[in-house]
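A closer look at the structure
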Amino acid sequence: MDTNYTPLPEDELNREELAEFAELFKDLKLLEYSDHPSEEILRAYVANRLLESPGAGRVGATFRDEQAFKKFLSGRVPRWTRSDVAIHVLTCARCQERVAYLRARRWSLLSSARQQPKEEQSWWRRFAWGAVGVAAAAAIIAALWLWPSNPPSPMCWIEQPCWTQVVQDSPMKGSIMVVYRTSPGRF
Amino acid sequence: MEIRIELARLAYAENILRCTNEPPEMVEDLLSLDGELEKARRWFVFAEAKRRFDPNVVRGLLVYLFSHYASSEFDPRKREQLVREINEGRVRMRDLTIERLAGTRLSWEHIFRLVGRQFNPTREKEKIKELYTQLYASASATTIPRTEVSYGH
């Protein structure tokens, strides 16, 4: 692998056209087909969702065995793979138009979808949402910080005793001392 | 029949680009059913080069070839869409097809972006031509030499 590559000047770079290989395509021409891929297949192809082979294998289905290859040669494939559709569209004027239409429609849908989030993510909107989030977080932290660990209770000073002591007579236990609260709160 | 085999050879070339190709020795008979073994070999050398050299660079050369020669008509709208997807990094080489590239006339800058690095296209082209000479130029070379196959890229 060449790792010591120094970039070529742009004009020199664009001069390389691989023209020696151009003749590999010289027999390519438009053909008449009796079978065409369905609208659904073409949509999947345009969206890059069409599989390489029916079993989603690593190797393209066209050359997997002789049977598959014969079907490709006959032009009547039982199940369209990505490669089948690509070669068909490349040589079928009708399907080229259909694919161009589907591609343009998909392109405009994607473009409008891209514009939508851009508008929502303008800086002032993001700033406003950020400020609201920070304020909410600060309010929660302040509330937790200031909240007392025990519920508030009225003061109970020594000068104002908050309990009283009464001696009661019980027929079973004799004289017992009972302590009552005189104000809410703790002793 | 002949034209369908011609298309099969193009389909094979497309599979080389997406790394879904069978090894050349497995499809040699199928792709030369019309007697055009030389034409098949012109594509096989790319598959062989992918085994021996940097596979992504070889794939980059194929992208350029398809983009410039698979259609004689320039399609500016198709090019605009593809170039935008390349610049935004939303398309990879394994997503491309020969039809998607036909008529787009990509520049080498676009190819480098797809490949992920710069390379010298003239030097890489010469390496492929040398490999072709090495593999097929001698009259005794009737079959493609078998080498270890690795498609793990």
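To keep things clear, this report deals only with the structure shown in the data block. Model, not experiment: these values are computed from the prediction.

This brings us to the overall build of chain B. In terms of helices and strands, chain B carries eight helices and zero strands. Secondary structure elements of chain B occur, N-terminal to C-terminal, as α-α-α-α-α-α-α-α. Across the 153 residues of chain B, 59% fall into the buried class. Taking the contacts inside chain B whose residues are at least 6 apart along the sequence as the reference set, 74% of them involve residues at least 24 apart. In the structure as shown, chain B presents an accessible area of about 6200 Å², 47% of it carried by carbon and sulfur atoms.

Together, Arg43, Arg49, Arg105 and Arg106 of chain A give the surface a local cluster of positive charge. The exposure class of Arg49 of chain A is exposed, given its relative accessible area of 57%.

Take the side chain of Lys78 of chain B next. Its location among the elements puts Lys78 of chain B in helix α5 (residues 76-87). Only 3.0 Å separates the side chain of Lys78 of chain B from the backbone oxygen of Ala102 of chain B, close enough to count as a polar contact. Dropping the residues within four chain positions of it, Lys78 of chain B is found in contact with Arg103 of chain A together with Glu99, Arg100, Ala102 and Thr104 of chain B.

A separate point is helix α4 (residues 55-69) of chain B. All names here are of chain B. For α4, with 15 residues, the first-to-last C-alpha span of 21 Å sits near the 21 Å given by 1.5 Å per residue. For α4, the tally of buried residues reaches 13 of 15 residues, placing the bulk of the element in the interior. Where α4 starts, the residue carrying a side-chain oxygen 3.0 Å from the main-chain nitrogen of Asn56 turns out to be Asp54.

Another aspect to go through is the nonpolar core. In this structure, Phe25 of chain A together with Leu10, Leu31, Trp43, Phe46, Val63 and Phe66 of chain B are the most contacted members of the largest nonpolar core, which totals 75 residues. Per-element tally for this core: the top contributor is helix α1 (residues 2-18) of chain B, with nine residues.

Here we take up the packing of helix α4 (residues 82-90) of chain A against α1 of chain B. The N-to-C vectors of α4 of chain A and α1 of chain B enclose an angle of 125 degrees; their axes lie 10 Å apart at closest approach. With respect to their mutual orientation, α4 of chain A and α1 of chain B come out oblique. Classified by chirality, the crossing of α1 of chain B by α4 of chain A is right-handed. Residue-level contacts link Arg82, Ser83, Ala86, Ile87 and Leu90 of chain A of α4 of chain A to Leu7, Leu10, Ala11, Glu14, Asn15 and Arg18 of chain B of α1 of chain B. Looking at the contact of α4 of chain A with α1 of chain B residue by residue, the classes come out as six nonpolar, two polar and three charged.

Listed by partner, the interface residues are 62 residues for chain B and 48 residues for chain A. Interface area, chain B with chain A, both sides summed: about 5200 Å², of which 61% is carbon and sulfur. Ranking the residues of chain B by area buried against chain A places Arg4, Tyr69 and Glu99 of chain B at the top, with a combined share of 14%. Put simply, chain B and chain A have six salt bridges between them. Put simply, Arg42 of chain B and Glu23 of chain A hold a salt bridge, and the shortest N to O gap is 3.9 Å.

Conventions and cut-offs
Residues numbered from 1 in each chain as written. Chains lettered and ligands numbered in written order. Predicted model: local features only at pLDDT ≥ 70, side-chain atom pairs only at ≥ 80, totals over all residues. Heavy atoms only, no water. Helix = DSSP H or I, 4+ residues; strand = E, 2+ residues; numbered from the N terminus. Buried < 20%, exposed > 50% of the residue type's maximum accessible area, 1.4 Å probe, protein only. Contact = heavy atoms within 4.5 Å. Areas by Shrake-Rupley, 256 points an atom, 1.4 Å probe, with all protein chains shown as cover. Patch = residues over 30% accessible without salt bridge, like charges linked within 9 Å, V, L, I, M, F, W, Y side chains within 5 Å. Salt bridge = Lys/Arg side-chain N within 4 Å of Asp/Glu carboxyl O. Lys, Arg positive; Asp, Glu negative; His and termini not counted. Charge placed at Lys NZ, Arg CZ, Asp CG, Glu CD. Polar contact = N/O pair within 3.5 Å; in protein donor to acceptor, adjacent residues only side chain to side chain. Expected span 1.5 Å × (residues − 1). Core = buried A, V, L, I, M, F, W, Y, C linked by side-chain atoms within 4.5 Å. Axes fitted to C-alpha atoms, helices over the stretch in contact; angles between N-to-C directions. Parallel < 35°, antiparallel > 145°, perpendicular 65-115°, else oblique. Left-handed = near helix turned anticlockwise from the far one by under 90°. Nonpolar A, V, L, I, M, F, W, Y, C, P; charged D, E, K, R; others polar. Buried area = accessible area lost by both parts, 1.4 Å probe.

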